[in-house]
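# Fold and contact review
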Amino acid sequence: MNTSIEALLNDQIKYEASASMHYMAMASWADTKGYNGIAQFFYSQSEEERVHMIKLIKFVNERGGSVVIPALEKPKASFESLSELFADFLKSEMFVTEQINHVIYECLNKKDYNVHNFMQWYVTEQLEEEAVARTLLDKLNIIGDDKSGHYMFDRDINTIAISDDVEA
Ligand code: OFO
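Residues numbered from 1 in each chain as written. Predicted model: local features only at pLDDT ≥ 70, side-chain atom pairs only at ≥ 80, totals over all residues. Heavy atoms only, no water.

## Observations concerning the nonpolar core
One finds Ile38, Phe41, Phe42, Leu85 and Phe86 to be the most contacted residues of the largest nonpolar core, which totals 25 residues. Put simply, the parts of the chain that give this core at least two residues each are helix H1 (3–32), helix H2 (36–62), helix H3 (82–109), helix H4 (113–143) and helix H5 (147–167). Considering each element in turn, this core owes the most residues, six residues, to H1. Apart from residues no more than four positions distant in its own chain, Phe42 is found in contact with Tyr23, Met26, Ala27, Leu85, Phe86 and Phe89. (Core = buried A, V, L, I, M, F, W, Y, C linked by side-chain atoms within 4.5 Å. Buried < 20%, exposed > 50% of the residue type's maximum accessible area, 1.4 Å probe, protein only. Helix = DSSP H or I, 4+ residues; strand = E, 2+ residues; numbered from the N terminus. Contact = heavy atoms within 4.5 Å.)

This is the structure:
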């Protein structure tokens, strides 16, 4: 495996791991605030990111590359509002998309079509996740500070996220 591509895939392993921990902290915060639906949503997101990380680890190992399991920074643990929470979610997904695009760009540069092909799965995944994050943030912007709106958002979050997925 090309060493610069290997390094980029290792960076990507770190970004997926870090998103997983980030979402775990978000889930835990929501749990303590009584937002059980939102907590469940982020626990699942955290698990998904862990799966993305493992998929990369296995791929690098299978291709004879060497994986470095990364040290992670402590994620942000408290949020001023639901809007802040979901704005952070969108920001995190946009960051990951940018990094994936960078890997794709380098794959084309180095003519590594195998990794390029593998990374297409992540491109599709990011499209969906960014769309879900945007939809949820848009809904929260409509709701504003309305407490009963927050109550319903928490109750319906999975339906909102899934219906966006279906539309996408
Ligand atoms: Fe790993 O899918 Fe989003 O970040």
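## Considerations on the pattern of salt bridges
Scanning all chains against the criterion turns up seven salt bridges. Between Glu47 and Arg50 there is a salt bridge, with its nearest N and O atoms 3.5 Å apart. Pair noted here: Glu47 and Arg50 are both in helix H2, with a separation of three residues, about one helical turn. A salt bridge links Arg134 to Glu130, with the nearest nitrogen and oxygen atoms 3.2 Å apart. With Arg134 and Glu130 both in helix H4 and four residues apart, this pair spans about one turn of that helix. Its relative accessible area of 36% is what places Arg134 among the partly exposed residues. Judged by its relative accessible area of 12%, Glu130 falls in the buried class. Members of the salt-bridge network, linked through shared partners, are Lys76, Glu84 and Asp88. (Salt bridge = Lys/Arg side-chain N within 4 Å of Asp/Glu carboxyl O.)

None of this, on its own, says anything about what the molecule does.
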